[in-house]
Amino acid sequence: MKQEYTITVYTENQVGLLNRIAIIFTRRKINIDSLNTSPSEVESVHRFTIVINETEDVVRKLCRQIEKQVEVLKAYYNTNEEIVWQELAMYKVPTDVIAEKVKVERLLREYGAKAVVIRHDYTVFETSGHREEIDSLMKALEPYGLIEFVRSARVAIIKSSAGFHEKLKEFERKQPGEDVIENEYLNKQEEVFTM
Amino acid sequence: METLELTKEKITTSTTENISGSEAVLKALIAEGVTTIFGYPGGAIMPIYDALFDYEDKLKHILVRHEQGGIHAAQGYARTSGDVGVVFATSGPGATNLVTGLADAQIDSTPVVCITGQVFAHLLGTDAFQETDVINITTPVTKWNYQVTDATEIPAALAKAFYIARSGRPGPVLIDITKNAQIQKFDYKGYEKCDHIRSYRPAPIIRKEYVEEAAKLINEAAKPFVIFGQGVILGRAEKEFKAFIEKGGLPAAWTILGLSALETDHPLNVGMLGMHGNYGPNVLTNDCDVLIAVGMRFDDRVTGRLDKYAKQAKIIHLDIDPAEIDKNVKTAVPVWGDCKETLPMLTALIEKKSHTQWVQRFNDMMQEEHDLVITQEMHPASDDMSMAEVLDALNELTKGDAVIVTDVGQHQMIACRYAKFVQSKSNVTSGGLGTMGFALPAAIGAKYGAPHRTVVAIIGDGGFQMTLQEMGTIMQFGAAVKILILNNNFLGMVRQWQELFHSRRYSFVDIQSPDFVTIAKGYGIAGRSVNDRANLKTALKEMLDHDGSYLLEVMVGKENNVFPMVPQGCSVAEIRLK
């Protein structure tokens, strides 16, 4: 049975790895619903959070293929029950409407949204939560002239991954990550050789 | 002045010296034990070639005629030597010409390190002359790749490349080096081999409980059956494997990449698996009660229809790559790890048995196949020579001691079915990718990998025309490769499928060939063509006895088919004998 799975991948910080991981999905024609990558709590270790809708068998095989990549430390997959997750969304709405309509204020309080930019022509609100919560605020704001809307990829914390957190720290203690110089010449065009 | 101290793991230098990135590349290769490089120079790799000029006494460079030939040669070298094959190519078209070989090496787990030149770092991403994004192009077909833009990265990048290519499940690695990094001088502090990467686990931790569980299943089995692949050869576990099957009295069948891991005449060697494999092993796959897969990956050419594959059997899968477990076939017990270590553990726990009646069933079915297929193939009634009789005659002359390199097609299946082997690393073929044009360059590499052995490249008339320019490499460097062309004036395998599955609509398979012997003569390679049975053995002997390379063209039956055959979409038990 297909369902939403969140894949969490701990990796080295390496140029080109995103492509290697993405290829594992694209060559099997599996659509990625959401992808986030960021530094993790351990220095030099990055973390990918990938959401897909697939059967467990497929997800398990995908994780094994991901783990085969040289720069991948570990890949986990979890159902929604096994993780705590959030998405962040921003909503741009006309300021005059917000200023006049009390209803909107109530709506924003209800959804825990807060203003991040207030200009005379528009105001940007942000909120975070599960997809449905973000979607329903968008629907609620639409009648008031929603100008623009954007949603982030999912970020997720595995409820029971303390073990790996410790292992990561252990890795780091034993083998501190090295600073890799990547394409530094791109910024020094005049200083390097010419043909 | 540098003094090299060679220890088992590390090479260190006592002093620092100022050298170019190119020199660092060559020092790395020497430190890794490389002696032979296959390659083709060009603008973006010129600094490395310039440095190579001073290293000719330590590094033999074989100038191929096409980069695809270079990487296939490196594959052939790796497969016979058991070490890493090395290729040089320039940027852009030079690098893209490697892609077929990389894909081939990736799917067949062949350790290859490719070093490609790249445009200057400041030109990256500008569509500069001969610039291609080789890292992104090769990502899906490499075990690992990396672009070096600064000379100081070279020693570590190459150490990583060799470690990754040869460790765990081996595979191809590509290092792309910008021209400025090749020219740039830096303070070289010596070369240190890589033996650990934080995020890389070449072999999984062996779980003893799984080994015990597997042994229990084997001990309880009435009809156990072993199927083995190249993992046995890559793990250098031929002895361990033989001890395992001999103690358990276990009949064992091979995939085409596992061929030669166990000598052909071993009493427990029951033949070849798969689409054109032997009758017994295919049919009895669906009859055994425990199926023990060793270092093989359940390729679709081996399994046929998955939903009808060994459903009655409990499957034990020994593999170094955890991603292979349950990938295609659901296992009862996965035995993760290097089979060099897991096989002895398993052997220690299994009971000594013989399974005489069960082994006899394989022998009976082999007899049936002999009566219905093999005898006719080896002794055809018609005047047309069959490919099998050519192989039979070759076996008689080489006594199974030659390295056989095959291309792709009918001749490949016939060679794999009929060639005999007495030692490991003797069969070199393009298994997973099925690359036509593979054999000639791979045979050149195989000869450098096993210089004291006879190397016979068996090639169809179609595949030979894909890379025949590599005869130029033979001409220049004198690799004594015996080229045996089995010419049926057809793209035989496609024609066979068209006959069986496309109502004999022979669409564009009637391929015209040039006079191969005359072409070989143009390259200074002796040769002859035979089209009658009476001259076959003499001609083969002449080829084998000839001092140096030799091309023998054997005209074989135009519409001969390769049987048995598991038609696509059928179960292995539905194998057809005719």
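With an unreviewed UniProt entry as reference, chain B is termed Acetolactate synthase, source organism Panacibacter microcysteis. Comment text from UniProt for chain B, heading Sequence similarities (unreviewed entry), reads "Belongs to the TPP enzyme family."

Where an unreviewed UniProt entry is consulted, chain A appears under the name Acetolactate synthase small subunit, with the organism given as Panacibacter microcysteis. Checking UniProt for chain A, the heading Function (unreviewed entry) contains the comment "Catalyzes the conversion of 2 pyruvate molecules into acetolactate in the first common step of the biosynthetic pathway of the branched-amino acids such as leucine, isoleucine, and valine."

Asks: What's the story with the pattern of salt bridges in this structure? I'm lost.
Replies: Opposite charge on two side chains permits them to pair, given that their charged atoms come into close proximity. Residues and elements named next belong to chain B. Inspection of the entire model under this criterion finds 43 salt bridges over all chains. The partner of Asp287 in a salt bridge is Lys223, and the shortest N-O contact between them spans 3.3 Å. Residue Asp287 is located in the loop between helix H12 (279–285) and strand E14 (290–294), and its partner Lys223 is located in the loop between helix H9 (208–220) and strand E11 (224–228); the two are separated by 64 residues in the primary sequence.

Asks: Quick question: what am I supposed to make of the confidence of the model for chain A here?
Replies: Detailed reading of the predicted coordinates is not advisable wherever pLDDT falls low. When pLDDT is averaged along chain A, the result is 85, and 85% of the positions lie at 70 or above. Throughout residues 178–183 of chain A the model reports pLDDT below 50, and contacts reaching past four residues in sequence, or to other chains, amount to 12 contacts.

Asks: Is there a simple way to think about the UniProt feature "domain: ACT" (unreviewed entry) in chain A in this case?
Replies: UniProt records the feature "domain: ACT" (unreviewed entry) at residues 6–80 of chain A, using the numbering of this structure. Along residues 6–80 of chain A the backbone is 31% helical and 41% strand, and the end-to-end C-alpha distance reaches 7 Å.

Asks: I would appreciate a short explanation of the UniProt feature "domain: Thiamine pyrophosphate enzyme central" (unreviewed entry) in chain B in the present structure.
Replies: In the numbering used here, UniProt assigns the "domain: Thiamine pyrophosphate enzyme central" (unreviewed entry) feature to residues 211–346 of chain B. The span residues 211–346 of chain B is 32% helical and 20% strand by assignment, and the distance between its end C-alpha atoms comes to 6 Å.

Asks: Is there a simple way to explain the sheet that holds strand E17 (residues 403–406) of chain B in this structure?
Replies: Consider a sheet: its strands pair through backbone hydrogen bonds, and that pairing is either parallel or antiparallel. Residue and element names in this part refer to chain B. Spatially, E18-E17-E19-E20-E22-E21 is the arrangement adopted by the 6 strands of the open sheet, whose pairing is parallel. Strands with a single pairing partner mark the edges of an open sheet, and in this sheet they are strand E18 (427–429) and strand E21 (526–530). Going across the sheet, the axis of each strand differs from the next one's by a mean of 15°, ignoring polarity. Across 4 bridges, E17 lies against strand E19 (residues 455–460) in parallel orientation. Looking at E19, one finds that Ile404 is bridged to Val456. Across the sheet, helix H3 (residues 67–81) lies against E17 and E18, angled at about 155° from E18, the strand it touches most. In the packing of helix H17 (residues 410–418) onto the sheet, the strands contacted are E17, E18, E19 and strand E20 (481–487), and the crossing angle to E19 comes to about 140°.

Asks: Hey, could you run me through helix H16 (residues 387–398) of chain B in this one?
Replies: Working note: α-helix, 3.6 residues per turn, so residues spaced by three or four point in the same direction. Residue and element names in this part refer to chain B. The end-to-end C-alpha distance of H16, which contains 12 residues, comes to 16 Å, matching closely the 16 Å that a straight helix rising 1.5 Å per residue would cover. Within H16, 9 of the 12 residues are buried, which leaves the element mostly enclosed by the surrounding structure. Burial in H16 covers these residues: Met387, Ala388, Glu389, Val390, Leu391, Ala393, Leu394, Asn395 and Thr398. Of the residues one or two after H16, Lys399 is the one with positive phi, at around 55°.

Asks: Explain the domain arrangement of chain B here, please?
Replies: How big an interface is tends to be reported as the loss of accessible area on association of its parts. All names here are of chain B. Domain boundaries in chain B define domain 1 (6–197), domain 2 (208–362) and domain 3 (385–555). Centre-to-centre separation of domain 1 and domain 2, based on C-alpha positions: 36 Å. Tallying the contact residues gives 8 residues for domain 1 and 8 residues for domain 2. When domain 1 packs against domain 2, the two sides together hide about 710 Å² of surface, and 51% of this comes from carbon and sulfur. On the domain 1 side of the interface with domain 2, the three residues burying the most area are Arg79, Asp108 and Arg169, jointly 58% of the side's total. Between domain 1 and domain 2 we count 2 salt bridges in total. Residue Asp321 is joined to Arg169 by a salt bridge in which the shortest nitrogen-to-oxygen separation is 2.9 Å. There are 4 residue pairs in polar contact (both at pLDDT 80 or more) connecting domain 1 and domain 2.

Asks: How do you make sense of the pairing of E14 of chain B when you look at a structure like this?
Replies: The side chains of a regular strand alternate between the sheet's two faces. All names here are of chain B. In terms of residue burial, E14 counts as a mostly covered element, since 5 of its 5 residues are buried. Burial along E14 is two-sided: Val290, Ile292 and Val294 and Leu291 and Ala293, pointing in opposite directions, are all buried. With 5 bridges joining them, E11 and E14 adopt parallel strand pairing. Along E14, the bridge assignment pairs Pro224 with Val290. Bridging between E14 and strand E15 (residues 314–319) involves 5 bridges; their strand directions are parallel. Paired with Ala293 across the strands is His317, a residue of E15.

Asks: Any chance you could explain the packing of H3 of chain B against helix H18 (residues 439–449) of chain B here in plain terms?
Replies: Any two packed helices are characterised by the angle at which their axes cross and by the distance between the axes. Residues and elements named next belong to chain B. Orientation of H3 relative to H18, taken along the N-to-C sense of each, is 40°, at an axis distance of 6 Å. The angle between H3 and H18 falls in the class oblique. Between H3 and H18 lies a crossing of right-handed hand. Residues Gly69, His72, Ala73, Gly76, Tyr77, Thr80 and Ser81 of H3 form the contact with H18, whose participating residues are Pro441, Ala442, Gly445, Ala446, Tyr448 and Gly449. Broken down by class, the residue content of the contact of H3 with H18 amounts to 6 nonpolar, 7 polar and no charged.

Asks: I tried to follow the packing of H16 of chain B against helix H23 (residues 536–545) of chain B on my own but got confused; where do I start?
Replies: All names here are of chain B. It is the contact of H16 with H23, at a shortest axis distance of 10 Å, that shows an interaxial angle of 50°. Judged by the angle between their axes, H16 and H23 are oblique. Crossing geometry of H16 relative to H23 is assigned as right-handed. Touching Glu389, Val390, Ala393, Leu394, Glu396, Leu397 and Thr398 of H16 are Leu536, Lys537, Leu540, Lys541, Met543 and Leu544, all from H23. Looking at the contact of H16 with H23 residue by residue, the classes come out as 8 nonpolar, 1 polar and 4 charged.

About the thresholds
- Residues numbered from 1 in each chain as written.
- Chains lettered and ligands numbered in written order.
- Predicted model: local features only at pLDDT ≥ 70, side-chain atom pairs only at ≥ 80, totals over all residues.
- Heavy atoms only, no water.
- UniProt positions renumbered as here; feature names shortened; annotations may be inferred.
- Salt bridge = Lys/Arg side-chain N within 4 Å of Asp/Glu carboxyl O.
- Helix = DSSP H or I, 4+ residues; strand = E, 2+ residues; numbered from the N terminus.
- pLDDT = per-residue confidence, 0-100.
- Contact = heavy atoms within 4.5 Å.
- Pairing = 2+ DSSP bridges.
- Axes fitted to C-alpha atoms, helices over the stretch in contact; angles between N-to-C directions.
- Expected span 1.5 Å × (residues − 1).
- Buried < 20%, exposed > 50% of the residue type's maximum accessible area, 1.4 Å probe, protein only.
- Domains from an automatic or database assignment.
- Buried area = accessible area lost by both parts, 1.4 Å probe.
- Polar contact = N/O pair within 3.5 Å; in protein donor to acceptor, adjacent residues only side chain to side chain.
- Parallel < 35°, antiparallel > 145°, perpendicular 65-115°, else oblique.
- Left-handed = near helix turned anticlockwise from the far one by under 90°.
- Nonpolar A, V, L, I, M, F, W, Y, C, P; charged D, E, K, R; others polar.

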